[in-house]
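Summary of the model geometry
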Amino acid sequence: MIEEVFATGDSLMHRLDPRVRILAALAYSIPVALVSRPIPMILALVLSILITALARLQVKALFKRLIVVNSIILLFWIVVPFTFDGETIFEIGPLAATREGIIYAASVTIKSNAIFLAFLALVATMPVAAAGHAMQGLGFPVKVVTLLLLTYRYVFVIEEEYNRLLRAIRIRGFKARTSLHTYRTYAYLIGMLFVRSWDRAERVHQAMKCRGFEGKFYCLTQYRVSLEDIFFSVAMSVGVCAIGMTEWMIAIH
Amino acid sequence: MDDRDTLIQLKGVGFSYGDGRAVLSSLDFTLLKGQRVGLIGFNGSGKTTLLHILMGLLRPSAGVVRLFGKTVSKEKDFVEARRRIGFVFQNADDQLFSPTVIEDVAFGVLNQGKSPNEARGIAIETLEKLNLKGFEDRLTHRLSGGEKKLVSLATVLACRPELLLLDEPTTGLDLETCGRIIEFLNELSITYLIVSHEYDFLVKTTREIYSIQKGAVVYNGDSSILHSHYHAHPTGDILHHHEQ
């Protein structure tokens, strides 16, 4: 269900402290989402491509993900250029594409890709478990971290349960149609998953209590910041500042 | 009988589910230090219910539960008793909730207040004892059924309990993993109570076998008789008859 294809590797990105990477991803993506001028946007895209290259991700898997993201962005291109007010550039029948609309769609495309690549290179390069611990190390609320880690652990169990139920239904000749019977069967299936997940949660909690759990999680992982982490943090800060500065410089001119 | 050596003492324990169905009624049971007891019973006979009562996960509707010589009735009493009892759940997926093996094994140890370094050391040591060296960073959900069971045993043993309770430890396991568990249990020096519906498994891991019938515990006999029986007939599925 969750493949984590990028999680293992021995690139610079994989070696960096997960806490540094999560912080960098956040500190980078927020300003990038806010810039409005073409030069800082392109600068961000170049920086993102650079760190993606440093992460040495599997090219095929990387493009597969980029296609998914950009096919959603494609929907923007169908709608936005024709619905924005502004100077008309070309017309298709009654629809008029505006200059402003095209610029807007282009900026969404560049910024989304830049942020997406940065997250792939920085966050997708760690296992979900490590991300959880890093978040705990950064002082994220314990409940959020617990929710993330337990969801990650049990989503597989629930998937397995779902497949078991589906098999049981199919074995008895069930075929999905547009009928009340189909809807009812699916409703039962989902209902059953909820009930089982609830029961499971109760048993897991019991098992945790039996091992002395009293509501507080203790973290096993101890992190140490290395020289590479410091260099990377400085480089990222410079990059973020450069993007911010160019935006600001263009704005005052 | 010294009170300190009586780990479990149940007197007249009864339990009914919400729908009024009585599972256990006036049940008496005692477990002494050093004993290895098997408890056999059909599905729905109340075996798991009994274990859950011992761990304080269910409260009996009647009777007295004494653990380590003290009467336990409130959550607070059980919190204390749970530190000394290791409970292996029937389903390993319920037991293993952490993403990685090492974290799960260290979980109980960390709860005991040990430092992360100490906990890591104890966890690795426990895994080695169970021949699970190198499993530390494996993801729990990607383990096989047998591996999950062995790891869940490790998670409980890492807490160094004085008493071990195992609920249907062989459910869904292949012969090889079963063999490993049998071997391991025989090497253990702690007191344990195993609940199972598999006679063969109990014969190989326990000295005394009780059965749970009509909500009460009945003594069946010394498993050594059954033990020699097992060795005499490696192909036990051939129909045969014994004289006492």
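1. Some thoughts on the packing of aromatic side chains
Under the counting rule described, the total for this entry stands at 10 aromatic pairs over all chains. Relative to Phe90(A), the ring of Phe82(A) lies with its centre 6.3 Å away and its plane at 85°, an arrangement referred to as edge-to-face. Classification of Phe90(A) by relative accessible area gives partly exposed; the value is 39%. Look at Phe174(A) and Tyr186(A): their rings are 5.8 Å apart centre to centre, the planes differ by 85°, and that puts the pair in the edge-to-face class. With Phe174(A) in the loop between helix H7 (142–171) and helix H8 (180–210) and Tyr186(A) in helix H8, this pair connects stretches of sequence that are 12 residues apart. The class for Phe174(A) is buried, based on a relative accessible area of 14%. For Tyr186(A), a relative accessible area of 32% corresponds to the partly exposed category. In textbook terms, an aromatic cluster arises when at least three aromatic residues are bridged by ring pairs, as seen for Phe213(A), Phe97(B) and Phe107(B). For Arg153(A), the ring lying beneath its charged end belongs to Tyr154(A), and the centroid distance is 4.9 Å. Across the ring face of Phe68(B), the terminal group of Arg84(B) is positioned such that the distance to the ring centre comes to 4.0 Å.

2. Comments concerning the confidence of the model for chain B
When pLDDT is averaged along chain B, the result is 87, and 90% of the positions lie at 70 or above. Long-range and interchain partners of residues 227–240 of chain B, a stretch whose pLDDT sits below 50, account for 7 contacts in this model, where long-range means more than four residues apart.

3. Observations concerning the environment of Arg99(A)
By the secondary structure assignment, Arg99(A) is in helix H5 (residues 99–122). Aside from chain neighbours lying at most four places away, what touches Arg99(A) is Glu87(A) and Ile89(A).

4. Concerning a nonpolar patch on the surface
Taken together, the side chains of Val68(A), Ile72(A), Leu74(A), Leu75(A), Phe76(A), Trp77(A), Ile78(A) and Val79(A) make up a nonpolar region of the molecular surface, amounting to roughly 760 Å² of accessible area. In this fold, Leu75(A) is placed in helix H4 (residues 59–83).

5. Description of the interface of chain B and chain A
Residue-level contacts link 35 residues of chain B with 31 residues of chain A. Looking only at chain B, the three residues that lose the most surface to chain A are Asp94(B), Phe97(B) and His141(B), adding up to 22% of its buried area. The residue Asp93(B) makes a salt bridge to Arg153(A) at a minimum N-O spacing of 2.7 Å. The tally of links between chain B and chain A comes to 11 residue pairs in polar contact (both at pLDDT 80 or more). When contributions to the side of chain B that touches chain A are tallied by element, the ones reaching two or more residues are helix H2 (75–82), strand E6 (85–88), helix H3 (92–95), helix H4 (101–111) and helix H5 (116–129) of chain B. Among the elements that take part in the side of chain B that touches chain A, H4(B) stands out by supplying 8 residues, more than any other.

6. What to know about the sheet that holds strand E5 (residues 70–71) of chain B
Adjacent strands of a sheet form backbone hydrogen bonds with each other and so pair up, either parallel or antiparallel. Residue and element names in this part refer to chain B. In space, the 4 strands of this open sheet follow the order E2-E1-E4-E5, with antiparallel pairing throughout. A strand with exactly one partner marks an edge of an open sheet, and here the two such strands are strand E2 (22–32) and E5. Where strand E1 (residues 6–16) meets strand E4 (residues 62–67), 5 bridges bridge the pair, whose relative direction is antiparallel. What sits directly across from Gln 9, in E4, is Arg 66. Along the sheet, helix H1 (residues 47–54) contacts E1, E2 and E4; its crossing angle with E1, the most-contacted strand, is approximately 120°.

7. Let's talk about the side chain of Thr177(B)
Here Thr177(B) lies in helix H7 (residues 175–187). Contacts of Thr177(B), omitting those with residues within four sequence positions, involve Gly146(B) and Leu150(B).

8. Let's talk about the pairing of strand E8 (residues 191–196) of chain B
All names here are of chain B. Of all 6 residues in E8, 6 are buried; the element is thus mostly enclosed. Residues Thr 191, Leu 193 and Val 195 of E8 are buried on one face, and the alternating residues Tyr 192, Ile 194 and Ser 196, pointing to the opposite face, are buried as well. Where strand E3 (residues 36–40) and E8 come together, 5 bridges link them in parallel fashion. Within E8, the residue paired with Val 37 across the bridge is Leu 193.

9. Considerations on the domain arrangement of chain A
When the domains of chain A are assigned, the result is domain 1 (12–126 + 224–252) and domain 2 (139–210). On a C-alpha basis, the centres of domain 1 of chain A and domain 2 of chain A stand 36 Å from each other.

10. Things to note about the pattern of salt bridges
Overall, the coordinates contain 18 salt bridges over all chains when judged by the stated rule. Arg203(A) is paired through a salt bridge with Asp94(B); the nearest N and O atoms lie 2.5 Å apart. Taken as a pair, Arg203(A) in helix H8 and Asp94(B) in helix H3 lie in two separate chains rather than in one. Assessed through its relative accessible area of 29%, Arg203(A) is described here as partly exposed.

11. A closer look at the nonpolar core
Residue and element names in this part refer to chain B. With 41 residues, the main nonpolar core has Val 105, Leu 130, Val 151, Leu 157, Leu 164, Leu 166 and Leu 185 as its most contacted residues. At the level of secondary structure, the elements contributing two or more residues to this core comprise H4, H5, helix H6 (145–157), strand E7 (163–167), H7, E8 and helix H8 (199–205). Val 13, Leu 57, Val 72 and Val 195 belong to the second-largest nonpolar core, a separate cluster that totals 37 residues.

Thresholds applied
- Residues numbered from 1 in each chain as written.
- Chains lettered and ligands numbered in written order.
- Predicted model: local features only at pLDDT ≥ 70, side-chain atom pairs only at ≥ 80, totals over all residues.
- Heavy atoms only, no water.
- Phe/Tyr/Trp six-rings, centres within 6.5 Å; stacked < 30°, edge-to-face > 60°.
- Buried < 20%, exposed > 50% of the residue type's maximum accessible area, 1.4 Å probe, protein only.
- Helix = DSSP H or I, 4+ residues; strand = E, 2+ residues; numbered from the N terminus.
- Lys NZ or Arg CZ within 6 Å of the ring centre and 35° of its normal.
- pLDDT = per-residue confidence, 0-100.
- Contact = heavy atoms within 4.5 Å.
- Patch = residues over 30% accessible without salt bridge, like charges linked within 9 Å, V, L, I, M, F, W, Y side chains within 5 Å.
- Areas by Shrake-Rupley, 256 points an atom, 1.4 Å probe, with all protein chains shown as cover.
- Salt bridge = Lys/Arg side-chain N within 4 Å of Asp/Glu carboxyl O.
- Buried area = accessible area lost by both parts, 1.4 Å probe.
- Polar contact = N/O pair within 3.5 Å; in protein donor to acceptor, adjacent residues only side chain to side chain.
- Pairing = 2+ DSSP bridges.
- Axes fitted to C-alpha atoms, helices over the stretch in contact; angles between N-to-C directions.
- Domains from an automatic or database assignment.
- Core = buried A, V, L, I, M, F, W, Y, C linked by side-chain atoms within 4.5 Å.

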